[in-house]
2 protein chains.
Amino acid sequence: MEALDYHAEERSKAEFDVEELKIVWAGSRHAYEVSDRIARLVASDPVFRKDNRTMLSRKDLFKDTLKKAAYAWKRIIELRLSEEEASRLRFFVDQPAFTDLHWGMFVPAIKGQGTEEQQQRWLPMAYKMQIIGCYAQTELGHGSNVQGLETTATFDPQTDEFVIHSPTLTSSKWWPGGLGKASTHAVVYARLITDGQDHGVHGFIVQLRSLDDHLPLPGITVGDIGMKFGSGAYNSMDNGVLRFDHVRIPRDQMLMRVSQVTREGKYMHSDVPRQLVYGTMVYVRQQIVLDASCALSRAVCIATRYSAVRRQFGSQNGGPETQVINYKTQQSRLFPLLASAYAFRFVGEWLKWLYTDVTQRLQANDFSTLSEAHACTAGLKSLTTTATADAIEECRKLCGGHGYLSSSGLPELFAVYVPACTYEGDNIVLLLQVARFLMKTVAQLGSEKKPVGTTAYMGRAEYLMQCHCGVQRAEDWLKPSVIVEAFEARAARMSVACAKSLSKFSNPEEGFAELSADLVEAAVAHCQLIVVSKFIEKLQQDISGKGVKRQLEILCNVYGLSILHKHLGDFISTGCITPKQGALANEQLRLLYSQVRPNAIALVDAFNYTDHYLSSVLGRYDGNVYAKLYEEAWKDPLNDTVVPDGYHEYIRPILKQQLRTARL
Amino acid sequence: MEALDYHAEERSKAEFDVEELKIVWAGSRHAYEVSDRIARLVASDPVFRKDNRTMLSRKDLFKDTLKKAAYAWKRIIELRLSEEEASRLRFFVDQPAFTDLHWGMFVPAIKGQGTEEQQQRWLPMAYKMQIIGCYAQTELGHGSNVQGLETTATFDPQTDEFVIHSPTLTSSKWWPGGLGKASTHAVVYARLITDGQDHGVHGFIVQLRSLDDHLPLPGITVGDIGMKFGSGAYNSMDNGVLRFDHVRIPRDQMLMRVSQVTREGKYMHSDVPRQLVYGTMVYVRQQIVLDASCALSRAVCIATRYSAVRRQFGSQNGGPETQVINYKTQQSRLFPLLASAYAFRFVGEWLKWLYTDVTQRLQANDFSTLSEAHACTAGLKSLTTTATADAIEECRKLCGGHGYLSSSGLPELFAVYVPACTYEGDNIVLLLQVARFLMKTVAQLGSEKKPVGTTAYMGRAEYLMQCHCGVQRAEDWLKPSVIVEAFEARAARMSVACAKSLSKFSNPEEGFAELSADLVEAAVAHCQLIVVSKFIEKLQQDISGKGVKRQLEILCNVYGLSILHKHLGDFISTGCITPKQGALANEQLRLLYSQVRPNAIALVDAFNYTDHYLSSVLGRYDGNVYAKLYEEAWKDPLNDTVVPDGYHEYIRPILKQQLRTARL
């Protein structure tokens, strides 16, 4: 049988080598090969099917998740997968599970905050999954403000134990993934109290459930916090609630790498620098940025392929209607998102480098770049997750009515993705941290402390405050240096303007609070500059493959100019560009869309997603959308019977005018 | 027992008479009283509880919906409710059901498109629900482009019948609500073919299911199209798929008010003007705008109340943390949405008047305002539904992590609301219609045809193209005339700029396609002007109640200035205001937020929503959020057992290292 490919003509139009771009997207030939192999492995295994996921009840969904997690672990052992391969496997299984927290938070917490001895004791068990752990930080009443946590860990010198306790309702642990039903252990964050003194929040390893029968240990109340956004989606995760009633743990279960409590109950610090914690944060957020590029590219892939299948209006003489991807309104919404997917990918890659750099410096006791790296990752986490959440929903809308069907894959993708805007730092709180750092940087201009890394441009603030954009014709906007300077000038001017406004307040904290909405805008401008710059830097590297670099240059321009168009008010009101130059940028953008158009399908093929991973009828590789939508519909449980359950009790009495006597 | 009210202090701070604002919001004392009474009736009836809805399987949810629909109808009959009361009851039951389509589309279609005779035959049955009808227009391959529908209705003069047929897969009817399982009849849109000639799309009444046993009639394949976005939400609706295999219906089941087919098969038009159809469109879209204000106000009510309960950071000396509603970042996101809720309410009310006006004119054969009214309603439908969908999600994010829980009510509200952006005209397609009308209006400037109604300002285009905003101090932005002129100038200049760009194309249609993204922006500017103007006009009326008018003036300014800030690029690049004036607007906006703050809770109390209707733990009237969140969690089916189903098969083998031999 010949393979069906409704997109064959689209694919033949591509002006570049899609196989080469696949490697650029993956990061390396090795990464590409591992991903490709593991993706196929998962896709071909019936245990991992997920097309019926949104129809499962909560209980069935959770059981299905337990099964997949166990089976995935079994396959990892059987196939002797490397750590990299195992992590790709979990990624492609694509169903949030307690194992995400075990590997992603519990193990790293012990590694990062445990002493050598603690690591030797706990990690082997964790690596073999003889214990399953989660990360119990947030409480019912406390999220962003970690220092406000209420759970207490009071040292009892009599027994050499800590007493873990939940003193109030709002101190109930709330949200930790894997806590509700699966975990046997948790790293619990609690206020350390010795001899009546509160030393702030520290981490403790606490066993929650018996390893014999999985029942909660005495003094522990634990359960699931209930349904979350969407069907399927994050409901596969047992986010949990946890209360302690004076639960005792041995003293050596406090994570003691940085601070210790001695046998006598004395609180001490080791010589390990506290800043190490920030290294972990950089790592986690770097991962979140890469995840954003995955979720975004997935949504864009679906919307792009479907936009080439869907036709509406424009039929001439009874011929086929126009593919909706040919409409400029569709292009102007879709192509900037396609460009963003690549932009986030490259900035995520760069963050990987940044993490390595910061780690090496920390090991050499060099903290000079730490606050800049911290601000930069906080900002990029915020920027990319907000943009991705919005983009998934925009892609759904770009698919018209059919995007609203679960079988489009987009509703579930949205529901499962949006918590990224809140976890690991609420996006607005993070931008305020960036803003605080920017204000500090501005305040130090002219001093000995020179701005470094992503704020180095601030060192040229004097120039940037008065420079003029030289664009005279639309094509002038294609020069990377022109775009970067406009973004630098905008970011610098917005920061300096905020700093000026702040200086009018006698109380700086009051000023910061009053101007916080403006400060957030300045932080966004700074972060967008980083993304644009890193995209441009990427293009200064060697990129092989016929036409590949050219396509990326086009996308880079689309990214920069679409952001510029969207935030035109910033650029013009700060005098960075003139209204006329803004109009030219918009004109250039339209021309760029025409250049993206013939390559659009190939540009999303380069993500190399299997139909299993995409899990979208609209995004199918072969474009056979309508027949499959029709086929999928009949699988809904409502179609089990032609006459619906409830007809006799509730429909017939209406039709037959027998409602008065009906028992309802 | 004393009633708990965590918001009591907030309520006592209000500077206006909340009872009076309730009446303004409802539209009249009568409307308020009906709404209030029916809302309580529904809230107090256990059959209508919906707090467990997101946990139901699709089948159970659908059965629950059938039950509620039957019970609601029973109560309507028992209590002899008026049409207004019955419609409020369905509104407060707040669960999409086949009855929405029966009353909202099937009955109006027969009323609007049926002859007197047809109405006399079909309406009495429909009114008594002896038949249940839906509205079968869209097809698998055809949504926005109604003229592209493929279903055929071929006249057979031999038998005096139409043969309804689905010639292709893409011609399958797809999406009609109530079609999948409940409806016995449908108004089906199909291409009328007589004697081999295609007369375009017409409506036909077709019986789908037997009135005896509810089985589909011969030649009819019908079912549900499957799960949609979210849990609960629109999954209570049986959106359907329908295929016809040469189904025959009598000739008199073609809806013949406007066009007829005679016994001989001759196709004719009556003297009823075709434009009547537009009257119905104005009606439906007016309803959608009012629905937008309901959904938006509901989300805002939840987010506002929770923002006053939630505290984070800012604790001093161990005192309570700061209410998040006190943060300017929270206010700058939340208060514009609060203002939008009121703005959409008032523009919706005005549309009601417009509908009456248009209807009266149509009856007098006056079509002069029709195209303006059509453009205006199309634009407002698009503007308000897009803004509302975005706002619900923003409100969810404003509730932090807990907004992600189903028990917050926001995920389901979002999922159930978003289709409004697509149905009854895709929002981008509608804006292009508005743009087309605007371009026509610009082209006719200077001619005899003067712009009317919401485009009357275009008549002053010459002035608006060169006027200068006079704002010198922040408080100058409080003058309604200043705001309106800035919005008028922006809208006029954007339209004229588009018209100029268009004139450079030799083929106007090509130009329109090429510039469509800019045209959409011009259309948005025009629609925002309408909303601002109608809010201001509302405030020129008598509004009684202590402090009520003052609060609405503040909200009106918040609406205008927040839109101005968001679209600053438009205003500055067209030279309507200077960057300095833009900064002053922003400064004024901050001051306005401080004025809204003490009244925020009372301003959302004025929507008069019951806790039942809100269906949100975070939005509870009494603010008792944490205890109830905790309580709700335990109701999740996953908490039925302490040790989860699946432990023995999938968790224990992991912990005990017995996976290799486990059967998975």
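Residues numbered from 1 in each chain as written. Chains lettered and ligands numbered in written order. Predicted model: local features only at pLDDT ≥ 70, side-chain atom pairs only at ≥ 80, totals over all residues. Heavy atoms only, no water.

### Quick notes on the sheet that holds strand β7 (residues 220–224) of chain A
Residue and element names in this part refer to chain A.
(1) Moving on: Within the open sheet, the 3 strands sit side by side as β4-β8-β7. Their pairing is antiparallel. Every other strand in the sheet has two partners, leaving β4 (173–174) and β7 as the edge strands with one partner each.
(2) Moving on: Bridge analysis of β4 against strand β8 (residues 240–244) gives 2 bridges, and the strand direction is antiparallel. Looking at β8, one finds that K173 is bridged to L242. (Pairing = 2+ DSSP bridges. Helix = DSSP H or I, 4+ residues; strand = E, 2+ residues; numbered from the N terminus.)

### Structural notes on the packing of aromatic side chains
(1) Moving on: This model, assessed by the stated rule, comprises 54 aromatic pairs over all chains.
(2) Moving on: Ring geometry for Y404 of chain A against F229 of chain B: centres 6.2 Å apart, planes inclined by 55°, an arrangement best described as tilted. Separated into two different chains, Y404 of chain A in the loop between α10 (370–398) and α11 (410–417) and F229 of chain B in the loop between β7 (220–224) and β8 (240–244) make up a pair that spans both. An identical accessibility class is assigned to Y404 of chain A and F229 of chain B; each is buried.
(3) Moving on: An aromatic cluster of three or more residues is present, and its members are W175, F229, Y234, Y404 and F414 of chain A together with W175, F229, Y234, Y404 and F414 of chain B. (Phe/Tyr/Trp six-rings, centres within 6.5 Å; stacked < 30°, edge-to-face > 60°. Buried < 20%, exposed > 50% of the residue type's maximum accessible area, 1.4 Å probe, protein only.)

### Some words on the pairing of strand β1 (residues 133–136) of chain A
Residue and element names in this part refer to chain A.
(1) Moving on: Neither face of β1 is left uncovered, since the one carrying G133 and Y135 and the one carrying C134 and A136 both have all their residues buried.
(2) Moving on: As defined by bridge partners, β1 adjoins strand β5 (residues 185–194) across 4 bridges and the pair is classed as parallel. Within the sheet, the bridge partner assigned to C134 lies in β5 and is A186.

### Considerations on the environment of S495 of chain A
All names here are of chain A.
(1) Moving on: Structurally, S495 can be placed in helix α14 (residues 480–503).
(2) Moving on: Spatially, the C-alpha atom of S495 lies 10.0 Å from that of V520, the residues being 25 residues apart in sequence.
(3) Moving on: Dropping the residues within four chain positions of it, S495 is found in contact with L438, M439, V442, M458 and A522. (Contact = heavy atoms within 4.5 Å.)

### Thoughts on the interface of chain B and chain A
(1) Moving on: With 130 residues of chain B at the contact, the number on the chain A side is 130 residues.
(2) Moving on: Carbon and sulfur atoms make up 65% of the area that chain B and chain A hide from each other, which totals about 11,700 Å².
(3) Moving on: If you sort the residues of chain B by the area they bury against chain A, F229, Y404 and L638 of chain B come out on top, with a joint share of 7%.
(4) Moving on: Taking the shortest distance from any N to any O, the salt bridge between D645 of chain B and K63 of chain A comes out at 3.7 Å.
(5) Moving on: Connecting chain B to chain A are 62 residue pairs in polar contact (both at pLDDT 80 or more).
(6) Moving on: When residues of the side of chain B that touches chain A are assigned to their parent elements, the largest contribution, 11 residues, is made by helix α4 (residues 58–78) of chain B.
(7) Moving on: Among the residues forming the side of chain B that touches chain A, the class breakdown is 64 nonpolar, 33 polar and 33 charged. (Buried area = accessible area lost by both parts, 1.4 Å probe. Salt bridge = Lys/Arg side-chain N within 4 Å of Asp/Glu carboxyl O. Polar contact = N/O pair within 3.5 Å; in protein donor to acceptor, adjacent residues only side chain to side chain. Nonpolar A, V, L, I, M, F, W, Y, C, P; charged D, E, K, R; others polar.)

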